[in-house]
Amino acid sequence: MNSDPIVIIGAGLAGYTLAREFRALDRETPVVLVTADAGDFYAKPMLSTALARQQAAADLVSADAAVMAARHTIAVRTHTRVEAIDPAGRAVRTDQGPLRYSRLVLALGAEPIHPPLQGDAATAVLSVNSLDDYARFRARLTEAVRQVALIGPGLIGCEFANDLVQTGRRVNLIGPDPHPLSTLLPPLAGGDLQAALARAGVAWHLGTVVQCVDGYAGGYRLTLADGTVLTADLVLSAVGLRPATGLARAAQLQVNRGIVTDRELRSSDPRIYALGDCAEVAGLVLPYVMPIQHAARALAKTLAGTPTPVAYPAMPVVIKTTLHPVAAAPPPRGAAGSWEEEAVEGGVRARFVAPDGALLGFALTGSAAGERQALTKALPPLLE
């Protein structure tokens, strides 16, 4: 192997976990991690739950870039934006100059989906996908902000709604879905979460979308597609995230829903790998903590000289709606079977069952969420 370093683009959980796992196997090969931000290490899932704990952005940081560099014996280039990848020259072009690599890992994360909005205040709508975003959001969320319009009733939207109402704010949650978390929960379970958050103070506006956001009386006026007009002191969009694939597309790597890789996390270029929220691994896009950790461990072994395909066990998603806990393990895409739902005292238990009776997925809300571990043991692995 030549003296050019392994270059990792991205200082999130994926990039830093890979650096840690690789260093446990190889102490000599140089590693350079490049990030457009300050390179602080923090738990990104905590962004949607930090308000109720009265945490500022700085409180979420467990280590800065200098500490991470020393801890893992790597170079961390902060505030360095990658502008292009040159696969033929095995180099990346950054706004601080070129950087050659022996192997390149794209740990680019995911980007917010911005809904198409009209109105003179459409650009004032916030989204939170980074520590800097959270700092801006929290700065705007002063004591004067009593009512928040939240666009998107998916995972992040529900977590933010759960967090905001615990700080005493009123929340209008808006989206086209028939019920919350509609990609993860069947109707009865989704309705149970909706009712629980409604009791806590969330007003739901489902089956519709926001069309216009205009300035109004020091705040905002939202016009919905069904004709409803709402006012708010702050508007937050949590419509969802999509894998960050722009650099890969421009470099002519294969991209589908994410950057396409095989089970060794190798892209269509044999020296370029993808990891984390930006990657589509053997057809799976899994933007959650546990899949990232499994994939990072496998890729570290591959980069250290032992080709290792990633394997995914069953990994349920825990939604941090602390007022009404939710755990879900959605069935594989296109799986044959049906949901069996039942209301229990304080929650809902739902099981996705194949025609032969095998358990392929589940959704648990409220009091039933405690059954997560037992049901997980009965699920097949996601990727053997």
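Here goes a summary of the coordinates provided. (Residues numbered from 1 in each chain as written. Predicted model: local features only at pLDDT ≥ 70, side-chain atom pairs only at ≥ 80, totals over all residues. Heavy atoms only, no water.)

1. Quick notes on the pattern of salt bridges
What counts is decided by this rule: We define a salt bridge as a side-chain nitrogen of Lys or Arg found within 4 Å of a carboxyl oxygen belonging to Asp or Glu. Here a strand is any run of E in DSSP of at least two residues, a helix any run of H or I of at least four, and the numbering for each starts at the N terminus. Each residue is assigned to one of three classes by its accessible area relative to the maximum for its type, calculated with a 1.4 Å probe on protein chains only: buried under 20%, partly exposed between the two thresholds, exposed over 50%.
Using the criterion set out here, one finds 10 salt bridges in the structure. Between aspartate 4 and arginine 100 there is a salt bridge, and its shortest N-O distance comes to 3.1 Å. Taken together, the residues span a long stretch of sequence, with aspartate 4 in the segment before strand E1 (6-9) and arginine 100 in strand E8 (residues 97-100) at a distance of 96 residues. What makes aspartate 4 buried here is its relative accessible area of 16%.

2. Some remarks on the environment of leucine 224
To be explicit about the condition: Contacts were defined at the residue level, with two residues in contact if any of their heavy atoms lie within 4.5 Å.
You can see leucine 224 is positioned in strand E15 (residues 219-224). With sequence-adjacent residues up to four places away left out, leucine 224 is seen in contact with Ile174, His205, Thr208, Val209, Val210, Gln211 and Leu230.

3. Side note on the environment of valine 148
Its place among the elements puts valine 148 in strand E11 (residues 147-151). Classification of valine 148 by relative accessible area gives buried; the value is 0%. Placed 77 residues apart in sequence, valine 148 and arginine 71 show a C-alpha to C-alpha distance of 40 Å. Here valine 148 is in contact with Leu141, Leu164, Arg169, Arg170, Val171, Asn172, Ala232 and Leu234, once residues within four sequence places are set aside.

4. With respect to the pairing of strand E16 (residues 229-232)
Here is the rule we go by: Should DSSP find at least two bridges between two strands, the strands are regarded as paired.
The side-chain alternation of E16 yields one buried face, formed by Leu230 and Ala232, and one unburied face, formed by Val229 and Thr231. Taken together, E15 and the strand that follows it, E16, pair antiparallel across an intervening segment of 4 residues, in which glycine 227 is found at a positive phi of about 95 degrees.

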